[in-house]
Amino acid sequence: MNPQIFKQVDDYISGLLATEDAVLKDTIALMCKEGLPQHSISASQGKFLQVLMTACNARRVLELGTLGGYSTIWLARAIPEKGKLITIEAEPHHANIAKQNIANAGLSNIVECRNGKAIDVLQELVESNAEPFDFIFIDADKPPYAEYFELALKLSRKGTIIVCDNVIREGKVLDKNINDEKVKGVQRLNELLGKCNDITATILQTVGAKEYDGMAIAVVTQ
Ligand code: SAH
Ligand code: DHB
Ligand code: MG
């Protein structure tokens, strides 16, 4: 099969169901201009997250890894009035660009950008007995993914949905002897998902506008 088919079909899906408006296009344009990495989710993946959020009635949302705010805008747009999204970004330049994009989207009232390391902010939230989140999107650095997931569970309640991006890494997760900390991090997470009794989870392979990868989806069951 022609590998271009995956991108063409993704464009077909986005064209029908996940069209980018000027705000999302401007977000990507500013990120390019400022030299940010091209690691944002795709439009159809943004819509996929919105569908999951709608299914679980998400109004309190937590995101790890803001980058330029592209995924943040998709998430925040699916939050009803009076909801809240906390997004964590370690890189000050990324956080700065994200804040501009979120303001341009008119979402600064519901989005709180925290500039810091995800592990520290998660621990702070746990220690301050933060109200549980309805939906958590893990998309920061890959090596501590399993630690992020454990902390995300502490910030969850029965029914919370936790999604983790980039857990297949072009199939590199199959290599048990790999020497790549990003791949080793997601391998540890995937094994944890298989052992954890408090969730029901699966992984969807993702192809399309972005490189071949996968998203883990877990629902907290107790
Ligand atoms: N969710 C974004 C993409 C995130 S890319 C989107 O789809 O639009 C991963 C981001 O995680 C990068 O911006 C990187 O700077 C950030 N990051 C890396 N290490 C981090 C850490 N320890 N804590 C929080 N963010 C981190
Ligand atoms: C990387 C990070 C991401 O969040 C992503 O979607 C793709 C790649 C990376 O750090 O390699
Ligand atoms: Mg990602």
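Residues numbered from 1 in each chain as written. Chains lettered and ligands numbered in written order. Predicted model: local features only at pLDDT ≥ 70, side-chain atom pairs only at ≥ 80, totals over all residues. Heavy atoms only, no water.

Observations regarding the pairing of strand β4 (residues 135-138)
Next, step 1: The alternating pattern of β4 places F135 and F137 on one face and I136 and I138 on the opposite face, and all of these are buried.
Next, step 2: Pairing of strand β1 (residues 60-64) with β4 involves 4 bridges; the strand directions are parallel. By the bridge assignment for β4, E63 is matched with F137.
Next, step 3: Note that β4 and strand β5 (residues 161-165) share 4 bridges and pair parallel. For I136, the partnering residue across the bridge sits in β5 and is I162.
Next, step 4: In this fold, the crossover linking β4 to β5 by way of helix α7 (residues 145-154) has right-handed handedness. (Buried < 20%, exposed > 50% of the residue type's maximum accessible area, 1.4 Å probe, protein only. Helix = DSSP H or I, 4+ residues; strand = E, 2+ residues; numbered from the N terminus. Pairing = 2+ DSSP bridges. Right-handed = clockwise from strand over helix to strand, strands pointing away.)

Concerning the side chain of T206
Next, step 1: Position of T206 relative to the elements: it lies in strand β6 (residues 199-206).
Next, step 2: A polar contact of 3.3 Å, which involves the side chain of T206, links it to the backbone nitrogen of G214. (Polar contact = N/O pair within 3.5 Å; in protein donor to acceptor, adjacent residues only side chain to side chain.)

Here's the deal with a nonpolar patch on the surface
Next, step 1: Taken together, the side chains of V9, Y12, I13, L16 and L17 define a hydrophobic patch exposed on the protein surface, amounting to about 500 Å² of accessible area.
Next, step 2: Within the element layout of this structure, I13 appears in helix α1 (residues 4-17).
Next, step 3: You can call I13 partly exposed: its relative accessible area is 35%. (Patch = residues over 30% accessible without salt bridge, like charges linked within 9 Å, V, L, I, M, F, W, Y side chains within 5 Å. Areas by Shrake-Rupley, 256 points an atom, 1.4 Å probe, with all protein chains shown as cover. Salt bridge = Lys/Arg side-chain N within 4 Å of Asp/Glu carboxyl O.)

Some remarks on the coordination of the magnesium ion (ligand 3)
Next, step 1: Taken together, the protein donors to the magnesium ion (ligand 3) comprise D139 (OD), D165 (OD) and N166 (OD1), at separations of 2.1 Å.
Next, step 2: Taking relative accessible area as the criterion, D139 reaches 12% and is therefore assigned buried.
Next, step 3: Relative accessible area serves as the criterion here: at 12%, N166 is assigned to the buried category. (Donors = N, O, S within 2.8 Å, 3.2 Å for Na, K, Ca; no water.)

Points about the site of ligand 2
Next, step 1: Surveying the vicinity of ligand 2 reveals the residues H39, D139, K142, D165, N166, R169, K182 and E211.
Next, step 2: Note that an oxygen atom of ligand 2 is positioned 3.3 Å from one of the side-chain N or O atoms of D165.
Next, step 3: R169 is positioned such that a nitrogen or oxygen atom in its side chain is 3.0 Å from an oxygen atom of ligand 2.
Next, step 4: Coverage of ligand 2 by the protein amounts to 85% of the 290 Å² it exposes when considered alone. (Near = heavy atom within 4 Å.)

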